[in-house]
Amino acid sequence: MRMWAIVERELRRFRRSPAMIIASMIFPLVQLVVLGYAFGGNVKHLRLAVVDQDHGLPAVKIRELAQAASSGARTIDLFDYADEGQAVSDLRNGRVNGVLTIPPEFSRRMLTKNAPRVALIEDNTDNVVANALARNLSSMLIAYNEPPTPARVAAKASHDDVEVYPYVPYIQYLLPGSIVMSIFMMVMIGGGIIFIDDKARGLHEGYLVTPISKLELIGGFNVSGTIKAVLAGFVIMLIGSVIAGVPSPFDPMRIMRLTVLIVVTAFALISMMFLIMVRVSDPLLPRAIFGVLNTVLYFPSGAVYPRQGFPEWMQVIATVDPFTYAVHGFKSLLLKNTGIDAITGDLLYLVAFSVVAMTAATLLFKRTL
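A short tour of the structure in this document, coming up. Not measured: the values here are computed from a predicted model.

What counts as what
Residues numbered from 1 in each chain as written. Predicted model: local features only at pLDDT ≥ 70, side-chain atom pairs only at ≥ 80, totals over all residues. Heavy atoms only, no water. Salt bridge = Lys/Arg side-chain N within 4 Å of Asp/Glu carboxyl O. Helix = DSSP H or I, 4+ residues; strand = E, 2+ residues; numbered from the N terminus. Patch = residues over 30% accessible without salt bridge, like charges linked within 9 Å, V, L, I, M, F, W, Y side chains within 5 Å. Areas by Shrake-Rupley, 256 points an atom, 1.4 Å probe, with all protein chains shown as cover. Contact = heavy atoms within 4.5 Å. Axes fitted to C-alpha atoms, helices over the stretch in contact; angles between N-to-C directions. Parallel < 35°, antiparallel > 145°, perpendicular 65-115°, else oblique. Left-handed = near helix turned anticlockwise from the far one by under 90°. Nonpolar A, V, L, I, M, F, W, Y, C, P; charged D, E, K, R; others polar. Expected span 1.5 Å × (residues − 1). Buried < 20%, exposed > 50% of the residue type's maximum accessible area, 1.4 Å probe, protein only. Arc of directions from axis to C-beta. Pairing = 2+ DSSP bridges. Core = buried A, V, L, I, M, F, W, Y, C linked by side-chain atoms within 4.5 Å.

### A short note on the pattern of salt bridges
Thinking step 1. Applying the stated criterion to the full structure yields three salt bridges.
Thinking step 2. Where Arg-63 meets Asp-80, a salt bridge forms, and the shortest distance between an N and an O atom there is 3.1 Å. Pair noted here: Arg-63 is in helix α3 (residues 57-71) and Asp-80 is in strand β2 (residues 76-81), with a separation of 17 residues, a long-range link.

### With respect to a nonpolar patch on the surface
Thinking step 1. A grouping of Ile-22, Ile-26, Val-30 and Val-34 is seen on the molecular surface, where their side chains present a nonpolar patch of about 350 Å² in accessible area.
Thinking step 2. If you trace the backbone, Val-30 turns up in helix α2 (residues 18-39).

### As for the side chain of Asn-294
Thinking step 1. Note that Asn-294 resides in helix α11 (residues 284-298).
Thinking step 2. Not counting residues up to four positions away in its chain, the partners in contact with Asn-294 are Met-181, Phe-184 and Phe-299.

### A closer look at the packing of helix α9 (residues 214-244) against helix α14 (residues 344-364)
When two helices pack together, their arrangement is given by the angle between the helix axes and the distance between those axes.
Thinking step 1. At a minimum axis distance of 9 Å, the contact between α9 and α14 shows a crossing angle of 130°. As far as their axial angle goes, α14 and α9 are oblique. As α9 packs across α14, the resulting crossing turns out to be right-handed. For the pair α9 and α14, contact is made by Lys-214, Leu-215, Ile-218, Gly-219 and Asn-222 and by Met-358, Ala-361, Thr-362 and Leu-363, respectively.
Thinking step 2. Looking at the contact of α9 with α14, its residues break down into five nonpolar, three polar and one charged.

### Digging into helix α6 (residues 127-145)
Thinking step 1. Taking 1.5 Å per residue as the helical rise, α6 with its 19 residues ought to reach 27 Å, and the 26 Å between its terminal C-alpha atoms agrees with that figure.
Thinking step 2. Residues of α6 that are buried include every one of Val-129, Ala-130, Ala-132, Leu-133, Asn-136, Leu-137, Met-140 and Tyr-144, and no others. In an axial view of α6, the angular spread of the buried residues amounts to 165°, which keeps them on one side of the axis. Along α6, the residues that are exposed and aim more than 90 degrees away from the buried face are Asn-127, Val-128, Arg-135, Ile-142 and Asn-145.
Thinking step 3. Against the buried residues of α6 lie β1 (46-52), α3, β2, β3 (98-102), α5 (106-112) and β4 (119-122).

### What to know about α9
Because an α-helix completes one turn every 3.6 residues, residues spaced three or four positions apart along the sequence face the same direction.
Thinking step 1. Taking 1.5 Å of rise per residue, 31 residues should cover 45 Å, and α9 covers 43 Å from first to last C-alpha, within 8% of that figure.
Thinking step 2. Taken from the residues just after α9, Gly-245 is the one with a positive phi, measuring 80°.

### Re the side chain of Thr-101
Thinking step 1. Looking at the element boundaries, Thr-101 is found in strand β3.
Thinking step 2. Leaving out residues up to four positions away in the same chain, Thr-101 has contacts with Val-51, Gln-53, Glu-84, Val-118, Ala-119 and Ile-121.

### Things to note about the sheet that holds β2
Thinking step 1. On the basis of which strands lie adjacent, the open sheet formed by four strands has the order β2-β1-β3-β4 and mixed pairing. Strands with a single pairing partner mark the edges of an open sheet, and in this sheet they are β2 and β4. On average, each strand axis in the sheet is tilted by 25° relative to the strand beside it, whichever way the strands run.
Thinking step 2. Sheet topology places β3 next to β4; four bridges connect them, and they run antiparallel.

### Details of the nonpolar core
Thinking step 1. Ranked by size, the top nonpolar core spans 54 residues in total, and within it Ile-179, Ile-183, Phe-184, Leu-269, Met-273 and Phe-330 carry the most contacts.
Thinking step 2. Where this core is concerned, the elements lending two or more residues are α2, α7 (170-200), α9, α10 (252-277), α11, α13 (322-335) and α14.
Thinking step 3. Element by element, the count of residues in this core is highest for α7, at 15 residues.
Thinking step 4. Setting aside residues up to four positions removed in sequence, Ile-179 forms contacts with Gly-233, Ile-236, Met-237, Phe-330 and Leu-334.
Thinking step 5. In this structure, Ile-62, Ala-66, Leu-100 and Met-140 belong to the second largest nonpolar core, which totals 17 residues.

So this is what it looks like as structure tokens:
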């Protein structure tokens, strides 16, 4: 009952801080929407300058394929230039994104099969735009080089793409990380910072004159922080699923599995935060390290980019990062609609992490002013 007195006090104070509740929930939603739509879409209306120095029939066919790409997917918009120097100057000044040059001898080389080539001059300071232009040009040249009548039996090996799951927009890919981020923000604001503020204002002296044990005191703070973080994570999970277009977002069994993962994740993060703050006295320090913790924990977790693309030292961080296992679990439940079996390893790690963090925090906690 002494531990639950701590929990009740913290929840009463939490209820009287609506601004903190709103802030901890609005930021992850804004991040989900902005990042999901800013990075998840296909680039369109890239300005491509075409400099035709040949004007032969093969060059006309190249221009027709480029015009078809411009009229279809709208990835590129074509602009005719007579002077290659002017086109390159406009590329440097940002008026166009690329320059497609058809050299004077292109048609002759094409007819004599003497290595005909075209040039794509691109602004490689933006890799996304440059790669999109290069892919479009490669697709056009593949279509250009296709024989007019294909053979009855394919002479070359090919492959078929078989997708296990429906198409996953990037905003859905970001949703698991946004849920974990909302839990972490509530843990940071409603757990770590409040505890340090209590110490700075001397409110913790009231705990020290009671017979409450260190484990009960830490348990009370952790349970109250977990309840607050679970509320934030649950709300973001429901609203974010609707915004991102997750299929069957209100399926009872899926919600039950997600709730289990939210509770375990919240307890693991609040235990980690209390371990970090247990010896801190300066109230400015938690606010100063918030951005560092956010960067070190969030980005290596695979929430934004697959872990397989990380360097080895970052993969070491991801291996011990509790965010990694929480994000993997939410991806399995939200994007694949799997069962508990698929996230058993994630749950076991988060539980073990919580036990280690709470034990270490209890040992490091001092009942002193």
